[in-house]
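A structural walkthrough
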Amino acid sequence: MRKLLFVLMAILALLIGVYPLLYAFVEHKHTFLNSKSPEVLLNMLWRTAFWVHIIFGGLALFIGWRQFGSLFRSKYVRIHRILGRIYAIAVVISSVSAIYLGFYANGGIISAIGFVSLGLTWLMTTINGVVKARKSNIILHKQMMTYSYACTFAAVTLRLWYPLLKSITADPVDSYIAVAWLCWVPNLLIAYFINRRSAKVVFK
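In this text, all values refer to a predicted model and were calculated from it rather than measured experimentally.

All right, on to the overall build of the protein then. Helix and strand counts for the protein come out as 11 helices and 0 strands. Of the regular secondary structure in the protein, the N- to C-terminal order runs α-α-α-α-α-α-α-α-α-α-α. Over its C-alpha atoms, taken along the principal directions, the protein stretches across nearly 55 × 35 × 30 Å. Counting only carbon and sulfur atoms, one obtains 72% of the accessible surface of the protein, whose full area is about 12,100 Å². A gap of 33 Å separates the mean positions of the 21 positive and 4 negative side-chain charges of the protein.

Pasting the structure below:
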């Protein structure tokens, strides 16, 4: 079951990781950009932050899943470290832009707080994970990066939750407000239980 879930996570991460390519081949009226007002779309800072966010966030999602798995980490230590550096840089860039974009979130103040909180949590857990690695605190490094990727994976869970809630409620606005929190808080709870289980194995 764990292997199946890992494979499923990897497939979803790879599929959504290349999501930014959608904007190169699909008219913007058929994408998320169609939901934004003309004033926002004409804001050069917003547009720059948007492209930075989806490109570097997609990169983090695309490579981050490969960092999990003890066999890969022990067999390919150098690759693990290189991917880790790329992942951390991508997350820092994408999360900072996400925090800015959060203030323009559809759905008003509640969804804005949700997405800004996600960006801050994503940034802090990743930086903390890097700091722990530099201090050779491998256990805490793994835990922090598990939380970090749980936030990264919000890109996937957002795209699972939103159409589901919209189809159930027939209310796209309220669905989006709920998804601003559902896309990442449950992910962190799952990460917490994964870390808790791993800690029990280590300290047995």
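Our next topic: unusual backbone geometry. Phi at Ser 136 takes a positive value of approximately 60°, unusual for a residue other than glycine. Topologically, Ser 136 is positioned in the loop between helix 7 (109-134) and helix 8 (138-152). Ser 136 gets classed as exposed once you look at its relative accessible area, which sits at 58%. Phi at Ala 170 takes a positive value of approximately 60°, unusual for a residue other than glycine.

Attention now goes to the nonpolar core. Core analysis: the largest hydrophobic core is formed by 35 residues, its most contacted members being Leu 61, Tyr 87, Phe 115, Leu 118, Tyr 149, Phe 153 and Cys 183. Every element with two or more residues in this core is listed here: helix 1 (2-17), helix 4 (44-64), helix 6 (77-102), helix 7, helix 8, helix 9 (154-169), helix 10 (172-182) and helix 11 (185-202). The element contributing the most residues to this core is helix 8, with 6 residues. Counting 8 residues, the second-largest nonpolar core is a separate cluster that includes Tyr 23, Val 40, Trp 46 and Ala 49.

As a further point, take a positive patch on the surface. Side chains of Arg 78, Arg 81, Arg 85 and Arg 134 sit close together on the surface and give a patch of like positive charge. Broken down by element, the positive patch gets its largest block of residues, 3 residues, from helix 6. Along the chain, Arg 134 turns up in helix 7.

Now for a nonpolar patch on the surface. Residues Ile 109, Ile 110, Ile 113, Trp 181, Val 185, Leu 189, Tyr 192 and Phe 193 make up a contiguous nonpolar surface patch of about 770 Å² in total accessible area. Listed by contribution, the elements that provide at least two residues to the nonpolar patch are helix 7 and helix 11. Take the nonpolar patch: its biggest share by element is 4 residues, from helix 11. Here Ile 113 lies in helix 7.

Reading the values: the criteria
- Residues numbered from 1 in each chain as written.
- Predicted model: local features only at pLDDT ≥ 70, side-chain atom pairs only at ≥ 80, totals over all residues.
- Heavy atoms only, no water.
- Helix = DSSP H or I, 4+ residues; strand = E, 2+ residues; numbered from the N terminus.
- Areas by Shrake-Rupley, 256 points an atom, 1.4 Å probe, with all protein chains shown as cover.
- Lys, Arg positive; Asp, Glu negative; His and termini not counted.
- Charge placed at Lys NZ, Arg CZ, Asp CG, Glu CD.
- Buried < 20%, exposed > 50% of the residue type's maximum accessible area, 1.4 Å probe, protein only.
- Core = buried A, V, L, I, M, F, W, Y, C linked by side-chain atoms within 4.5 Å.
- Patch = residues over 30% accessible without salt bridge, like charges linked within 9 Å, V, L, I, M, F, W, Y side chains within 5 Å.
- Salt bridge = Lys/Arg side-chain N within 4 Å of Asp/Glu carboxyl O.

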